[in-house]
Amino acid sequence: MRETTLAPSQLIYPLFICEGRRQRVPIKSMPGVFRLSRDLAVKEAKAAAKLGIPAVALFPALPDRVKDRVATESLNPRGLLPTTVNAIKQAVPELAVVTDVAMDPYSSDGHDGYVEKGRILNDRSVEILCGMALCQAEAGADMVAPSDMMDGRVGAIRRVLDGSGFTEVGILSYAAKYCSAFYGPFRDALDSAPRSGDKKTYQMDPANRREALREVRLDVAEGADIVMVKPALPYLDVIADVRREVAVPVAAYQVSGEYAMIMAAAKAGWLDEKAAMLETLTAIRRAGADMILTYFARRAAEVLGG
C-alpha cells in the first residue's frame, strides 16, 4: 500500500575532494563527512557503486594560492577536479560523475560569478562557466551541473558542449536555487564563502514560489536535462510545483545544513538519526523529486539495501 518508494538508485552522493594522497579531512560542521584526496575519493566512489548508488557529484576544495578573480584554475585539465573525474571514470566506468559548474570554489572573491566593482557581471560569468563546463566534459564528466544561477548559462553551456562534440554530456541545472541559511556547513567544507557581500542578487528569495517555475521553464527551454530545487526540505512545496510543471526529471538537494541539523540533534539524543534520515528523504521523494543529492547517500543505501 506504500505510495512512495525510496531506493539507492534514486540517490546522488556528493563528495568533497582535496589535494594530496591518503587525505581524509573531517568537516567539523558535518559529522561523518570528509574532504577526500583523489585516491580515497575513488575508493568511496567504488563503495557507492557497490551499494547501488548510480552517481556521485564532485566538489573541489582548493587552496587560496590557485584562486583568482576569473577562476583560471577551473580551466586546468590537470587540476584537482578533472583528474579526479578521470580517475573515478577509469576505476568505476558504470558510475555517473556529475561536476559542479560555478566560480566560487576557484574564485578569490568567493562568488559564483565574476565580480567587478562589487557587482556580479552575468555575461562575463557565463563565458567563464562555459569554459569550465567544457574542461569537465573533456575530463569525462557524464553530466555538468551549473549551480551559479546566472541568466542564460544553460543554453550557452549546451551550445559550447554540442559544438565541441559533447552532445551526450547532460546538464543538471540548479534551476531553483534559493539564497538559503542552510548552506553554511557547505561553505565551511569548501572554504568558499563570499569575501564580501552576499549571494542575494543571483540566488532566489526564499519568499518566492512562482519565480521558481519561471526559472525552471527557462532552463528547460535552454536544454536542461534535469532541473533541481535547492535546498530540499524547506522547499517541498516548490519541488511539488516543479514536478507538476515540467516533463524532465526533477532533482532536489538535501543540503549541508539539513544534514547538520539531523546529525547534531541525533548526537544530543533528541532524534533517532536513522529514522530522521529515512523520513526526510522519503518526504523529499513524496514531494516529487526523482533523485536526491544527499550526504546521507551511502548510509541510506546501506540501510535500504540491508
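For the structure itself, consult the block above.
Residues numbered from 1 in each chain as written. Predicted model: local features only at pLDDT ≥ 70, side-chain atom pairs only at ≥ 80, totals over all residues. Heavy atoms only, no water.

Chemist: Quick question: what am I supposed to make of the overall build of the chain here?
Modeler: Secondary structure assignment for the chain yields ten helices and twelve strands. Relative to a compact globule of 306 residues, whose C-alpha radius of gyration would be 19 Å, the chain shows 18 Å and is just as compact. Projecting the C-alpha coordinates of the chain onto the three principal axes gives extents of approximately 50 × 45 × 40 Å. Counting over 306 residues, the chain shows a buried share of 56%. Within the chain, counting contacts between residues at least 6 apart in sequence, those at least 24 apart form 76% of the total. By element, 51% of the accessible surface of the chain is carried by carbon and sulfur atoms, the whole surface being about 13200 Å². (Helix = DSSP H or I, 4+ residues; strand = E, 2+ residues; numbered from the N terminus. Rg over C-alpha atoms; globule rule 2.2 N^0.38 Å. Buried < 20%, exposed > 50% of the residue type's maximum accessible area, 1.4 Å probe, protein only. Contact = heavy atoms within 4.5 Å. Areas by Shrake-Rupley, 256 points an atom, 1.4 Å probe, with all protein chains shown as cover.)

Chemist: Help me understand the environment of Ile292, please; the structure alone is not making it clear to me.
Modeler: In this structure, Ile292 sits in strand S12 (residues 291–294). Along the backbone, Ile292 and Val250 are 42 residues apart, and their C-alpha atoms lie at a distance of 8.9 Å. The contact partners of Ile292, leaving out residues within four places of it in the chain, are Gln10, Leu11, Ile12, Ala252, Gln254, Leu281, Ile284 and Arg285.

Chemist: How do you make sense of the side chain of Thr99 when you look at a structure like this?
Modeler: Along the chain, Thr99 falls in strand S5 (residues 96–101). Exposure remark for Thr99: the relative accessible area of 1% places this residue in the buried category. When sequence neighbours within four positions are dropped, the list of residues in contact with Thr99 reads Leu58, Leu81, Val85, Gln136, Ala141, Met143, Val144 and Ala145.

Chemist: Please clarify how a positive patch on the surface should be interpreted in this entry.
Modeler: Together, Arg21, Arg22, Arg38 and Arg78 line one region of the surface with positive charge. Note that Arg21 resides in the loop between strand S1 (11–18) and strand S2 (24–26). (Patch = residues over 30% accessible without salt bridge, like charges linked within 9 Å, V, L, I, M, F, W, Y side chains within 5 Å. Salt bridge = Lys/Arg side-chain N within 4 Å of Asp/Glu carboxyl O. Lys, Arg positive; Asp, Glu negative; His and termini not counted. Charge placed at Lys NZ, Arg CZ, Asp CG, Glu CD.)

Chemist: I tried to follow the pairing of S12 on my own but got confused; where do I start?
Modeler: Each regular strand shows side chains that alternate between the opposite faces of the sheet. Alternating positions in S12 separate into two faces, Met291 and Leu293 on one and Ile292 and Thr294 on the other, with burial throughout. With two bridges connecting them, S1 and S12 associate as parallel partners. Its bridge partner lying in S12, Ile12 is registered against Leu293. Both strand S11 (residues 250–254) and S12 contribute to a ladder of four bridges, which runs parallel. When the bridges of S12 are listed, Ala251 appears paired with Met291. (Pairing = 2+ DSSP bridges.)

Chemist: Teacher, can you tell me more about helix H10 (residues 297–305) here?
Modeler: Three- or four-residue spacings in an α-helix give side chains the same orientation, since the helix completes a turn every 3.6 residues. Three or more residues of H10 are buried, namely Ala297, Ala300 and Ala301. Angularly, the buried residues of H10 cover 100° about the axis, an arc narrow enough to put them on a single face. Residues of H10 that are buried in the fold lie against S1, helix H9 (273–287) and S12. (Arc of directions from axis to C-beta.)

Chemist: How should the side chain of Asp39 be read in this particular structure?
Modeler: In this fold, Asp39 is placed in helix H1 (residues 38–50). No salt bridge is formed by the buried Asp39, whose closest oppositely charged neighbour, Arg21, lies at an N-O distance of 4.2 Å. Side-chain polar atoms of Asp39 contact the backbone nitrogen of Arg22, separated by 3.0 Å. Residue contacts for Asp39: discarding those within four places in its chain leaves Gly20, Arg21 and Arg22. (Polar contact = N/O pair within 3.5 Å; in protein donor to acceptor, adjacent residues only side chain to side chain.)

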